[in-house]
Every structure is written in C-alpha cells, then in structure tokens.
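Overview (structure and organization)
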Amino acid sequence: MGCSLGSTLYACYSWEQPVHQVTLTNAFYIGRYEVTQAQWTASMGSNPSSFQGYEDSPSRPVERVSWTTVQGYLSATGFRLPTEAEWEYACRAGTQTPFYNGSQDDGTLGSLAWYFSNSGNQTHAVGGKQPNGFGLYDMLGNVFEWLSDWYGTYSAGPQTDPTGPTTGTSRVVRGGSWNLVANYVRSSYRLSGYTPG
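This one's a predicted model, so the numbers in the text were calculated from it and none came from an experiment.

Once that is clear, we can look at the overall build of the protein. Helix and strand counts for the protein come out as 3 helices and 5 strands. Along the protein, helices and strands appear, N-terminal first, in the series β-α-α-α-β-β-β-β. On C-alpha atoms alone, the protein measures out to a radius of gyration of 16 Å, which is about the 16 Å that the 2.2 N^0.38 rule sets for 197 residues. For the protein, the spread of C-alpha atoms along the principal axes amounts to about 45 × 40 × 30 Å. Counting every position in the protein, which comprises 197 residues, the buried fraction comes to 46%. Excluding contacts between residues fewer than 6 apart, the proportion of contacts in the protein whose partners are at least 24 apart in sequence is 68%. Counting only carbon and sulfur atoms, one obtains 53% of the accessible surface of the protein, whose full area is about 9400 Å². Charge centroids of the protein, computed over 10 positive and 14 negative side chains, lie 2 Å from each other.

In structure tokens:
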C-alpha cells in the first residue's frame, strides 16, 4: 500500500508513503459503479448534486455530499464505506503502477478516468471508462470517494486489516475527480477531506 512508483509526470508524494505491507483477511463487497444520483434520490428523497438537469443526470455519480450525510445513505441501504486499505486493494486490482491499467504513462489516463483534461468541467455517467481488472469502474476520476478512515500519516510496519487512526479532524477521500489534474488521479493518491459535517 502506498506509492512506490510515480507516473511519467509526477513523482510520489510524502503523504503517499511509506509503502507498507497490508494483509486483508476479511472478504468485502464494493460497488461496481459510483453511487448515482438516481440511487441516492431513491434512498434519500432528495438530490444534492450540482449536475442535475442533464439527460443522463440520473446515471451520473452523486456529489456534494458530506461524510456525515453519507452515513444516512449507508443506514438506509445497509452498506458501509470501505477502509482506505480496502479501497486501494480494490482500485489497484493486482497492479502496483500508478494507474490500474498497469501503466505509469499519464497519457493513458484518459481511457480510465474523467478528470480535468477530458471532463469538460463536469461529471459523467458512471461506467463510461475502462474498468479495472476486478471489473470496477470510475475508481479513478469522476468524483472523489469517501472512506471510513480518519486521515493520518502511514506507518512503515506491516499491518493486518488496518482501519486508520482512532481519531482525527478529517476523513480520507480517494480516486481523484472530474476537476483535478492527473497527479490526483492515481491508485495511491490520498487526500484529507473536509471535516465531516
């Protein structure tokens, strides 16, 4: 887990390191697609998204939801957020490269993700780009994905089923977004999200 190999344009950042061995012992399910506006509305009764009113809006990922608001959706559906370790395992799908197509080349990112260079400054319907080796779509790009972990620095030692720090001020988000450049859109990139609220 972590960044051992930068891309052609961007080196590893300190907050993606140190690389450390993680063992996951529990099976888990993860959605093949990001949660859509239609799915969110069906469970929550309202739609907070900025990108409503397009023909394909129901199939676009929901956005503008805080970590706390997501908890209501999880209660309504019986789902949970993945841990950061689970998310990276699912995103990488067996690869160790920055992108889950097995490449370091930032030029290949357009086939995998909606991000600043190709999004047209908006989200897109889920499942429109190449999936990873596990058949998961939009693990990179489109919208950031909330995780269950508090944000904190990595430790170097091996870990089994890590769940992150026990306390913190913000949660981890992963995967990059439609409005960010390529260095945010890779399997190891992690960001401190806003404080849940």
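The next point concerns the packing of helix H1 (residues 37–44) against helix H2 (residues 67–77). Where H1 meets H2, the axes come as close as 10 Å, and the angle between the chain directions of the two elements is 75°. In terms of orientation, H1 lies roughly perpendicular with respect to H2. Side by side, H1 and H2 meet where Gln39, Trp40, Ser43 and Met44 of the first sit next to Thr69, Val70, Gly72, Tyr73, Ala76 and Thr77 of the second. The residue makeup of the contact of H1 with H2, split by class, is 5 nonpolar, 5 polar and no charged.

Our focus in this paragraph is the state of the cysteines. The bond known as a disulfide is covalent and runs between the sulfur atoms of two cysteines. On inspection of all chains with the given rule, the structure shows 1 disulfide. Cys91 carries a free sulfur, and the closest cysteine sulfur to it, the one in Cys3, is 12 Å from it.

Conventions and cut-offs
- Residues numbered from 1 in each chain as written.
- Predicted model: local features only at pLDDT ≥ 70, side-chain atom pairs only at ≥ 80, totals over all residues.
- Heavy atoms only, no water.
- Helix = DSSP H or I, 4+ residues; strand = E, 2+ residues; numbered from the N terminus.
- Rg over C-alpha atoms; globule rule 2.2 N^0.38 Å.
- Buried < 20%, exposed > 50% of the residue type's maximum accessible area, 1.4 Å probe, protein only.
- Contact = heavy atoms within 4.5 Å.
- Areas by Shrake-Rupley, 256 points an atom, 1.4 Å probe, with all protein chains shown as cover.
- Lys, Arg positive; Asp, Glu negative; His and termini not counted.
- Charge placed at Lys NZ, Arg CZ, Asp CG, Glu CD.
- Axes fitted to C-alpha atoms, helices over the stretch in contact; angles between N-to-C directions.
- Parallel < 35°, antiparallel > 145°, perpendicular 65-115°, else oblique.
- Nonpolar A, V, L, I, M, F, W, Y, C, P; charged D, E, K, R; others polar.
- Disulfide = S-S within 2.5 Å.

None of this, on its own, says anything about what the molecule does.
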